[in-house]
2 protein chains.
Amino acid sequence: MEKDVEGGIRIVIEGVKPEIDGGSFPIKRIVGDELAVEADIFADGHDVLSAALMYRKEGDPNWIEVPMEFLANDRWRGSFKVTEMGRYRYTFAAWVDRFRTWRQNLTKKVEANQDISVDLLEGAQFIDEASQRAKRRDAGTMREWAESLRSTKVHPSTKTRLGLSKKMATLMAKYSHRRFATTYSKEPVVVVDREKARFSTWYEVFPRSCASEPGRHGTFKDCEARLPYVSEMGFDVLYFPPIHPIGRTNRKGKNNTPIAEPDDPGTPWAIGSEEGGHKAVHPQLGTLEDFRRLIAKARDYGIEVALDLAFQCSPDHPYVKEHPEWFEWRPDGTVQYAENPPKKYQDIYPVEFEAEQWQALWKELKSVVLFWVEQGVRIFRVDNPHTKPFSFWEWLIGDVKKDYPDIIFLSEAFTRPKIMYRLAKLGFTQSYTYFTWRNVKWELTQYFTELTQTDVQEFFRPNLWPNTPDILNDYLRDGGRPAFMTRLVLAGTLGANYGIYGPAFELCENRRKDKESEEYLNSEKYELKQWDIESPNSLRDFITQVNLIRRENPALQSDLSLRFHSVDNEQLICYSKHTEDLSNVILVVVNLDYRYKQSGWVDLSLEELGLDHGQPYKVHDLLADATYRWQGSRNYVELDPQKIPAHIFRIHQGITKSRN
Amino acid sequence: MEKDVEGGIRIVIEGVKPEIDGGSFPIKRIVGDELAVEADIFADGHDVLSAALMYRKEGDPNWIEVPMEFLANDRWRGSFKVTEMGRYRYTFAAWVDRFRTWRQNLTKKVEANQDISVDLLEGAQFIDEASQRAKRRDAGTMREWAESLRSTKVHPSTKTRLGLSKKMATLMAKYSHRRFATTYSKEPVVVVDREKARFSTWYEVFPRSCASEPGRHGTFKDCEARLPYVSEMGFDVLYFPPIHPIGRTNRKGKNNTPIAEPDDPGTPWAIGSEEGGHKAVHPQLGTLEDFRRLIAKARDYGIEVALDLAFQCSPDHPYVKEHPEWFEWRPDGTVQYAENPPKKYQDIYPVEFEAEQWQALWKELKSVVLFWVEQGVRIFRVDNPHTKPFSFWEWLIGDVKKDYPDIIFLSEAFTRPKIMYRLAKLGFTQSYTYFTWRNVKWELTQYFTELTQTDVQEFFRPNLWPNTPDILNDYLRDGGRPAFMTRLVLAGTLGANYGIYGPAFELCENRRKDKESEEYLNSEKYELKQWDIESPNSLRDFITQVNLIRRENPALQSDLSLRFHSVDNEQLICYSKHTEDLSNVILVVVNLDYRYKQSGWVDLSLEELGLDHGQPYKVHDLLADATYRWQGSRNYVELDPQKIPAHIFRIHQGITKSRN
């Protein structure tokens with residue numbers, strides 16, 4: 001007989017949902033969420049089972065137990081509320097409930113008028129046995145019951161009533177015999193984040209381009225002055241590219257030319273110079289104190305400052321001299337610069353994660369994160385995490401979040417799908433997506449269905465960016481202003497988390513460096529910019545409006561309820577989001593054609609929206625502030641890209657019925 | 001830093017297919033099968049990976065390695081042939097291949113006309129390093145190559161040619177540097193069975209009803225005389241209900257009456273009497289020697305005898321006295337008989353698997369199996385395995401098959417789907433199915449798609465029974481002879497494994513005991529029967545024909561290629577099976593309506609059948625021996641239940657094109 005076999009263990013617990021890769025990775029939730037868990041639980045034979053969902057905050061030695069409910073087809077369900085940030089674990093126990101089995105059989109025998117005299121004696125045995133585990137008062141009651149079931153003086157019908165009584169069932173459940181209980185072999189983790197992990201509105205800006213007068217290098221003080229502008233538009237995360245000293249060796253010139261002019265500022269991602277590395281501030285931006293002041297000011301505006309974590313070095317980074325062992329040296333005595341042949345990035349040295357001294361390297365990189373955490377930063381956008389080992393991130397994020405569970409890490413991995421998902425599984429709080437390149441209806445529908453209606457939604461929180469300093473896509477280049485409006489509405493309503501790279505976005509900057517790449521012409525990655533943010537052509541007011549709609553409508557603050565509805569026009573896309581109680585239902589229709597007016601009939605899944613087939617309902621377009629009276633599933637829409645390319649309807653409360 | 005983290009390990013191996021429940025259970029294959037395995041294999045960054053599939057027979061300490069091939073989207077594939085019965089394990093290794101990365105980058109740089117002088121020096125380093133692992137002769141070659149790459153006398157273009165040469169790639173692959181190789185954390189098992197596990201044709205018969213004259217109790221010698229009959233019909237497994245002594249206490253009478261007449265034989269499943277228990281033969285059937293002789297005779301006819309494993313006891317079973325601790329005792333001093341209230345089986349005591357002495361019980365039950373194995377039995381049909389613990393079966397089957405990998409266990413679990421699948425996963429070779437009650441087109445299509453086109457096919461081998469001694473379904477009762485023909489064709493062509501309970505089946509016995517249950521009237525479970533097997537109304541010839549078609553057409557000897565094709569008539573079902581090389585393609589059309597002629601247009605998936613749209617092809621009906629010339633996907637069929645309710649077409653070789 002195998003050592004790990006226990007003859008009495010008869011119950012199987014499997015098919016747990018949610019559970020990622022057999023419990024290898026956590027699922028994600030937000031403080032206050034109710035977490036419902038299901039499992040297949042079954043045994044041989046006809047015995048009645050009882051099952052419990054168990055959970056605890058990590059570090060807490062005691063499990064809290066919640067009874068599970070039987071659904072159908074051997075499926076059980078239980079739920080609990082996660083009330084704090086951090087990591088919880090959950091697992092299950094199930095046992096053959098001999099008393100409940102006895103009670104069920106007794107019921108059937110009574111119904112069939114069978115002799116139950118021996119059954120009553122058996123019941124007495126079960127009660128006696130359970131009474132030994134009971135508190136004194138309960139034990140007394142139970143012993144009396146057992147007595148009654150055995151007594152020849154009590155009428156059989158009284159015994160039966162007692163045996164089938166609810167009070168006995170309740171007390172026996174309390175002291176249920178768990179000999180041979182099956183405990184689930186795994187303890188999956190749920191990482192609980194703060195609300196902002198689910199709902200955030202990002203604005204990316206180059207601090208050095210925030211100066212109020214042309215030609216001057218912007219500073220943190222200039223950024224302070226920009227805060228009202230950002231806040232009024234409705235953004236709550238202000239993300240800066242790296243703010244550290246920039247290397248001089250092999251510095252890139254304007255438009256990524258290999259040789260810089262003396263006054264070219266270089267790219268902020270070529271981190272490190274004589275003035276310091278990842279823990280220093282670029283002198284032209286100001287001081288560390290200035291930065292801390294900016295963080296505090298931003299907080300007053302309801303804005304969090306997010307920093308860029310780009311673990312790479314310019315040739316002038318102090319690490320190169322102090323820790324040559326963290327870099328890859330070539331036979332000619334040079335350090336291997338970053339390359340993806342035939343592309344070369346001579347101004348950047350990747351760190352060598354296969355170094356023998358990898359432990360010291362990991363610790364140093366963690367100390368970089370903690371340094372900025374100490375300055376008050378709680379959100380990091382991580383540059384190219386897919387070019388560093390998975391195990392490094394799993395360790396780093398896990399370790400940092402032990403002490404700071406409120407930290408948000410956004411993965412900037414534009415790479416193959418399995419790698420993007422892996423990074424999300426191992427701990428990244430939010431992730432960049434393919435949204436940036438998904439412009440047509442079938443692509444958007446397929447991709448966002450995968451993100452929100454499969455297991456992916458358990459671990460991958462999309463953050464949608466229509467543009468970035470690296471990516472000006474064909475759609476924006478070709479479509480201009482109407483295209484920018486369309487993409488903004490899509491990003492802000494398909495994604496509870498979204499961001500734009502501004503002011504390029506609101507100013508509809510759509511000039512490319514060349515046809516082949518998606519680089520901006522005169523990209524501010526390589527030069528200072530002066531943006532005319534007061535331009536009358538700015539989308540500032542439209543963005544303000546969309547962000548206000550997001551704040552006022554909780555349906556748009558989560559992605560899980562996203563459902564697509566059909567429209568008989570390939571240029572029109574229609575989808576809805578709603579709160580769980582259907583008190584807030586939003587229906588979005590967007591014209592994907594930036595050239596022509598498009599019209600069509602939407603065909604709504606009314607059930608999904610909590611609407612009756614027979615009843616008319618009102619839809620209020622929050623963008624145009626117009627109200628329409630609709631009825632049934634088929635309704636007409638018409639959108640002109642030269643005016644507003646989208647409807648964001650709120651389906652009118654008054655005529656909406658509750659779904660529960 | 002966590003102890004189990006190794007900084008250099010960068011590769012992820014996941015998404016393995018086939019793999020059941022994260023490797024918790026084996027997949028199943030047949031000797032000679034090629035097993036193809038796929039996995040997602042990826043790392044951070046842009047490095048080139050190499051991967052190997054590793055396999056070994058269990059007990060063999062050495063892994064055999066097969067290189068894996070990259071498919072697309074981080075998916076890799078490898079395969080190996082299982083050549084022996086028993087258990088194999090497979091797993092994976094993958095590593096960053098620095099030489100292949102170097103070679104790929106070199107190619108790109110050469111194409112882009114970039115300077116490669118330092119790259120060539122790096123190549124020399126890789127070769128030197130690998131040469132230290134190389135056999136002497138290879139090492140010499142490699143050192144010469146390294147020399148050339150470094151030499152200032154060799155022309156750069158010669159060096160490039162050498163660096164990109166195939167011979168260098170081959171030799172470097174042989175001595176690839178596997179520092180930081182990722183080894184897959186699991187070693188899934190494949191259980192390899194003999195051919196009969198996949199393709200078998202069962203005939204169930206009560207030996208006691210095989211006597212040649214009325215009223216006499218049949219014997220093993222009578223069974224010998226029945227062998228030609230069974231063999232001529234084309235059956236290769238002859239399955240007997242329990243052959244052990246039958247208890248007298250609480251013996252059931254005819255038609256399951258609670259009190260038996262003195263000459264009632266009792267049910268064979270009430271095992272055990274003064275004459276012995278599970279290791280004894282019922283005296284009226286003959287002796288153990290007679291049984292062994294029968295097995296040997298059967299073998300001459302190409303028939304294997306299968307026994308029933310019913311682990312339960314009559315009140316007279318020797319175990320009850322010798323091992324009272326293996327039974328559940330009630331407060332009134334009686335043993336708990338089998339019941340599923342309000343149903344009672346007073347002639348049967350279940351064994352108590354929750355007994356404290358479970359280990360002794362398990363061992364004894366295993367000795368029962370081994371006893372019959374020693375008599376020459378290699379196939380067991382297991383009665384109600386779902387009423388005994390899963391862990392017991394997993395242990396029993398695993399342990400027995402260690403020494404006897406040729407043994408086949410058929411699970412007779414007619415219960416909830418998850419339990420049936422669990423039993424298959426834990427080791428049962430074949431399983432009874434819901435086929436017995438699936439009579440209409442959508443049910444059959446849905447169920448057999450689930451069985452053959454999902455992961456279920458990796459562990460669950462269906463064995464299809466249109467009837468059993470316990471089940472005469474409505475369809476057979478109401479439909480009579482045409483219904484029996486229809487169900488036979490369905491069973492024999494949907495299932496490579498199928499069986500009938502005869503002679504009830506071939507004689508179209510369709511009288512029920514009552515309306516409510518599926519019990520036969522005058523069931524031979526409770527009495528001796530005399531079947532008129534020579535009846536002119538017997539389906540004997542039809543069965544012979546169907547079984548011959550099965551033997552002659554390898555397409556019907558496996559279930560994995562099963563595909564349904566649409567027909568514009570709900571009463572007609574159409575499906576195909578084919579060999580992997582398409583050398584044998586069978587198309588079946590069955591009329592599910594036993595009353596009326598039905599006709600319609602089938603709409604074939606030609607691609608599936610290896611047929612051209614433009615080309616006509618011949619279909620040869622193997623039942624009616626008629627040939628039709630068909631073209632394209634839509635073709636007309638017409639089936640009359642009063643004649644033959646099915647077509648079994650072989651699609652004519654000559655015009656079939658190969659699929660590879």
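It should be noted that the structure appears before, not after, this text.
Reading the values: rules and limits
Residues numbered from 1 in each chain as written. Chains lettered and ligands numbered in written order. Predicted model: local features only at pLDDT ≥ 70, side-chain atom pairs only at ≥ 80, totals over all residues. Heavy atoms only, no water. Helix = DSSP H or I, 4+ residues; strand = E, 2+ residues; numbered from the N terminus. Buried < 20%, exposed > 50% of the residue type's maximum accessible area, 1.4 Å probe, protein only. Contact = heavy atoms within 4.5 Å. Lys, Arg positive; Asp, Glu negative; His and termini not counted. Charge placed at Lys NZ, Arg CZ, Asp CG, Glu CD. Pairing = 2+ DSSP bridges. Axes fitted to C-alpha atoms, helices over the stretch in contact; angles between N-to-C directions. Least-squares fit on C-alpha atoms with pLDDT ≥ 70 in both. Polar contact = N/O pair within 3.5 Å; in protein donor to acceptor, adjacent residues only side chain to side chain. Expected span 1.5 Å × (residues − 1). Arc of directions from axis to C-beta. Buried area = accessible area lost by both parts, 1.4 Å probe. Salt bridge = Lys/Arg side-chain N within 4 Å of Asp/Glu carboxyl O.

Draft legend 1. Structural view of the overall build of chain A. Each helix and strand counted, chain A has 16 helices and 30 strands in total. Seen through its C-alpha atoms, chain A measures out along the principal axes to roughly 105 × 65 × 45 Å. Every one of the 660 residues in chain A was classed for burial, and the buried ones make up 60%. Residue pairs in contact within chain A that sit at least 24 positions apart in sequence constitute 75% of those at least 6 positions apart. Of note, chain A has its 89 positive side-chain charges centred 5 Å away from the centre of its 98 negative side-chain charges.

Draft legend 2. Expanded view of the sheet that holds strand β26 (residues 598–603) of chain B. Residues and elements named next belong to chain B. The 8 strands lie next to each other as β28-β27-β30-β25-β24-β23-β26-β29, forming an open sheet whose pairing is antiparallel. Each of the sheet's edge strands pairs with one partner strand only, and the pair in question is β28 (626–631) and β29 (634–639). Across the sheet, the axes of successive neighbouring strands diverge by a mean angle of 30°, strand direction being ignored. In the sheet, strand β24 (residues 572–578) pairs with strand β25 (residues 585–591) via 7 bridges, with the strands oriented antiparallel. The residue bridging His 578 from the neighbouring strand is Val 585, located in β25. Docked against the sheet, helix α12 (residues 441–453) engages β23 (563–567) and β24, running at close to 155° with respect to β23.

Draft legend 3. A look at the relation of the copies chain A and chain B. Take chain A, turn it by 180°, move it 0.0 Å along the axis, and it overlays chain B with an RMSD of 0.0 Å. Taken together, the rotation and translation describe the operation of a two-fold axis. Relative to the rotation axis, the closest C-alpha in chain A is found at Gly 22 of chain A, a distance of 3.3 Å. When you check the interface residues of chain A against chain B, 100% turn up at the interface there too, and the contact is symmetric in its surfaces.

Draft legend 4. Spotlight on the pairing of strand β2 (residues 27–30) of chain A. All names here are of chain A. Here β2 shows two buried faces, one formed by Ile 27 and Arg 29 and the other by Lys 28 and Ile 30. Summarising the sheet, β2 and strand β10 (residues 189–193) pair through 4 bridges and their orientation is parallel. Its bridge partner lying in β10, Arg 29 is registered against Val 192.

Draft legend 5. Spotlight on the side chain of Ser 131 of chain B. All names here are of chain B. Mapped onto the fold, Ser 131 is located in helix α2 (residues 117–131). Looking at Ser 131, its side chain comes within polar contact range of the main-chain oxygen of Asp 128, at 2.6 Å. Sequence-distant contacts of Ser 131, defined by excluding residues within four places in its chain, comprise Ala 139, Met 142 and Arg 143.

Draft legend 6. The arrangement of helix α10 (residues 390–403) of chain A in detail. A rise of 1.5 Å per residue sets the reference length of α10 of chain A, with its 14 residues, at 20 Å; its end C-alpha atoms lie 21 Å apart and thus fit the reference within 8%. With 10 of its 14 residues buried, α10 of chain A lies for the most part within the structure.

Draft legend 7. Region of the structure containing helix α5 (residues 166–174) of chain A. All names here are of chain A. All of the buried residues along α5 are Met 168, Leu 171 and Met 172. In a view along the axis of α5, the buried residues occupy a sector of 100°, so they form one face of it. Opposite the packed face of α5, turned more than 90 degrees from it, sit the exposed residues Lys 166 and Thr 170. On its buried side, α5 packs onto α1 (98–111), α2 (117–131), α3 (136–150) and α4 (156–163).

Draft legend 8. Focus on the interface of chain A and chain B. Opposite the 65 residues of chain A that make contact, chain B presents 65 residues. In total, chain A and chain B occlude about 5800 Å² of area from one another, counting both sides; carbon and sulfur atoms represent 53% of this. Taken together, the connections running from chain A to chain B amount to 20 salt bridges. In this structure, the salt-bridge partner of Lys 418 of chain A is Asp 40 of chain B, at a minimum N-O distance of 2.7 Å. Put simply, chain A and chain B have 24 residue pairs in polar contact (both at pLDDT 80 or more) between them. Looking at the side of chain A that touches chain B, the elements that each hand over two or more residues are β1 (11–17), β3 (34–43), α1, α2, β15 (338–340), α9 (358–374), α10 and α11 (417–426) of chain A.

Draft legend 9. How the structure looks around the environment of Ala 260 of chain B. All names here are of chain B. Counting through the fold element by element, Ala 260 comes out in the loop between β12 (237–239) and α7 (288–300). For Ala 260, a relative accessible area of 24% puts it in the partly exposed group. Spatially, the C-alpha atom of Ala 260 lies 9.2 Å from that of Tyr 526, the residues being 266 residues apart in sequence. Contact partners of Ala 260, with chain neighbours within four places excluded, come to Arg 251, Lys 252 and Gly 253.

Draft legend 10. Focus on the pattern of salt bridges. Across all of its chains, the model carries 118 salt bridges over all chains by this definition. Of the charged contacts, one joins Arg 75 of chain B and Asp 40 of chain B as a salt bridge, the two residues approaching to 3.0 Å between their closest N and O atoms. Here Arg 75 of chain B, found in strand β7 (residues 75–81), pairs with Asp 40 of chain B, found in strand β3 (residues 34–43); they are 35 residues apart in sequence, far enough to count as distant. For the pair formed by Arg 75 of chain B and Asp 40 of chain B, the shared burial category is buried. Put simply, Arg 477 of chain B and Asp 474 of chain B hold a salt bridge, and the shortest N to O gap is 3.8 Å. Of the two residues, Arg 477 of chain B and Asp 474 of chain B are both situated in helix α13 (residues 474–494); the distance of 3 residues between them amounts to about one turn of the helix. For Arg 477 of chain B, a relative accessible area of 25% puts it in the partly exposed group. One network of salt bridges, with partners in common, ties together Arg 10, Asp 44, Asp 47, Arg 98 and Arg 179 of chain A together with Glu 328 and Glu 354 of chain B.

Draft legend 11. Representation of the sheet that holds strand β12 (residues 237–239) of chain A within the structure. Residue and element names in this part refer to chain A. Strand order across the open sheet formed by 8 strands is β21-β20-β19-β18-β13-β12-β11-β22, with parallel pairing between neighbours. The open sheet has two free edges, formed respectively by β21 (462–463) and β22 (497–501), since each of these has just one partner strand. Pairing between strand β18 (residues 379–383) and strand β19 (residues 408–412): 5 bridges, direction parallel. Bridged to Arg 381 within β19 is Leu 410.

Draft legend 12. Highlighting the environment of Asp 514 of chain A. By the secondary structure assignment, Asp 514 of chain A is in the loop between β22 and α15 (540–552). Within the structure, Asp 514 of chain A has its side chain in polar contact with the backbone nitrogen of Ser 517 of chain A (distance 2.9 Å).

Draft legend 13. Up close: unusual backbone geometry. Omega for the bond connecting Pro 341 of chain A with Pro 342 of chain A falls within 30 degrees of zero, at 5°, which places this linkage in the cis form. Within the secondary structure, Pro 342 of chain A sits in the loop between β15 and β16 (343–345). Going from Gly 502 of chain A to Pro 503 of chain A, the amide bond is cis rather than trans, its omega being -10°. Topologically, Pro 503 of chain A is positioned in the loop between β22 and α15. Look at Asn 255 of chain B: it is not a glycine, yet its phi comes out positive at around 55°. Structurally, Asn 255 of chain B can be placed in the loop between β12 and α7. A positive phi angle, close to 60°, is found at Leu 582 of chain B, a residue other than glycine.

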